[in-house]
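# Descriptive analysis of the structure
Spelled out from the first residue to the last, the chains are:
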Amino acid sequence: MMKKIFLKRCACFLLLAFFLFLPSCEQEQSSLAAVRDLSLNFPLKYGVIYSDEFEEEDEKYFSDEMKLLILGANAVKYDYIVSVSGYFSRDRVSGEEIIVILLDDRSHRAEISYALYRRAAKKQDIPTRVFCNDDLVFFICSGNAEQIEEYIKTKM
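Just so you know, the residues in each chain are numbered from 1, in the order the chain's sequence is written. The model is predicted, so local features are restricted to residues of pLDDT at least 70 and side-chain atom pairs to those at 80 or more, both for listing and for counting; the totals for chains, interfaces and linings are taken over all residues. Excluding hydrogens and water, the side-chain figures rest on all heavy atoms present in the structure.

## Quick word on the overall build of the protein chain
Under the scheme used here, helices are H or I runs from DSSP no shorter than 4 residues and strands are E runs no shorter than 2 residues, and both carry numbers assigned from the N terminus. If you tally the helices and strands in the protein chain, you get 5 helices and 5 strands. Taken from the N to the C terminus, the helices and strands of the protein chain come in the order α-α-β-α-β-β-α-β-β-α. Counting over 156 residues, the protein chain shows a buried share of 42%. A total of about 10,300 Å² of accessible surface is found on the protein chain, and carbon and sulfur atoms cover 56% of it. Think of it in three bands: residues with accessible area under 20% of the maximum for their type are buried, residues over 50% are exposed, and the middle band is partly exposed, with areas taken using a 1.4 Å probe on protein chains only. The method behind every accessible area is Shrake-Rupley, applied with a 1.4 Å probe, and residues are considered shielded solely by the protein chains displayed.

Rendered as structure tokens:
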């Protein structure tokens, strides 16, 4: 009788522990985390990461004005954007950019991709890629854009 009670308590404890720790194992998506990961794994020089995940007072805050420059005049109506982060090269020669946009819903990926394709059309001298991975939309403008895209698709 004592063994049954002990086994039931152990089973309940294990189930409770499993359900408590399960959410912590889930990887939280973040545009800032994605950009940081890419900047650590690829030689991006002379640049700075901007993000709207920073505090507004931070000089590297991805402001609404920056969103207008990146996404165009319709940027204010994109209320389904959770966060925007980007790496921007400060040297005028390379012009490298990586922009990652986290959406609250996959159904809006086409609209954001279209806005980023308009930006890619302006970057004709550097290889660019626009693609989606889950709720993230990527704009990669770099000499090694193909390798970065492959990394994202296989490792992120």
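Still more to cover.
## A short note on the pattern of salt bridges
We define a salt bridge as a contact between a side-chain nitrogen of Lys or Arg and a carboxyl oxygen of Asp or Glu at a distance within 4 Å. Applying the stated criterion across every chain, the model contains 9 salt bridges. Between Glu 97 and Arg 119 there is a salt bridge, and its shortest N-O distance comes to 2.7 Å. One end of the pair, Glu 97, is in strand S3 (residues 97-103); the other, Arg 119, is in helix H4 (residues 109-121), with 22 residues separating them in the sequence. Arg 119 shares its class with Glu 97; the two are buried. Between Lys 123 and Glu 97 there is a salt bridge, with the nearest N and O atoms lying 2.8 Å from each other. Of this pair, Lys 123 sits in the loop between H4 and strand S4 (128-133) while Glu 97 is found in strand S3, placing the two residues 26 residues apart along the sequence.

## Things to note about the sheet that holds strand S2 (residues 81-89)
One key point about sheets: their strands pair by backbone hydrogen bonds, in either a parallel or an antiparallel sense. Strand order in the open sheet formed by 5 strands is S1-S2-S3-S5-S4, with antiparallel pairing between adjacent strands. On the outer flanks of this sheet lie strand S1 (47-51) and S4, each paired with one strand and no other. Between one strand and the next, the sheet's axes are offset by a mean angle of 10 degrees, whatever the strand orientation. Working rule for contacts: check all heavy atoms of both residues, and any pair within 4.5 Å makes them a contact. A fitted line through C-alpha atoms serves as each axis, taken over the contacting stretch for helices, and the angle formed by two N-to-C directions is quoted from 0 to 180°. The strands touched by helix H2 (residues 31-41) are S1, S2, S3 and strand S5 (136-141); relative to S2, the strand with the most contacts, the crossing angle is about 25 degrees. Two strands qualify as a pair provided that DSSP identifies no fewer than 2 bridges between them.

## Remarks on the pairing of S1
Within S1, 4 of the 5 residues are buried, which leaves the element mostly enclosed by the surrounding structure. Where S1 and S2 come together, 5 bridges link them in antiparallel fashion. Within S2, the residue paired with Val 48 across the bridge is Phe 88.

## Description of the packing of aromatic side chains
A pair of Phe, Tyr and Trp rings is counted when the ring centres sit within 6.5 Å of each other, with Trp represented by its six-membered ring. The angle between the planes then sorts it: under 30 degrees is stacked, over 60 is edge-to-face, the rest tilted. Per the stated rule, a full pass over the model turns up 5 aromatic pairs. A ring pair is formed by Phe 62 and Phe 88, whose centres lie 6.0 Å apart and whose planes are at 40 degrees; its orientation type is tilted. Note that Phe 62 is positioned in the loop between S1 and helix H3 (64-71) and Phe 88 in strand S2, a separation of 26 residues in sequence. The class for Phe 62 is buried, based on a relative accessible area of 1%. For Phe 88, a relative accessible area of 14% gives the class buried. Each residue in the set Tyr 50, Phe 62 and Phe 88 is aromatic and connected to the rest through ring pairs, giving one cluster. Looking at Lys 153, its charged tip hangs above the ring of Phe 131, at a distance of 5.5 Å from the centre. A ring is considered to have a charge above it if a Lys NZ or an Arg CZ atom is located within 6 Å of its centre and within 35 degrees of its normal.

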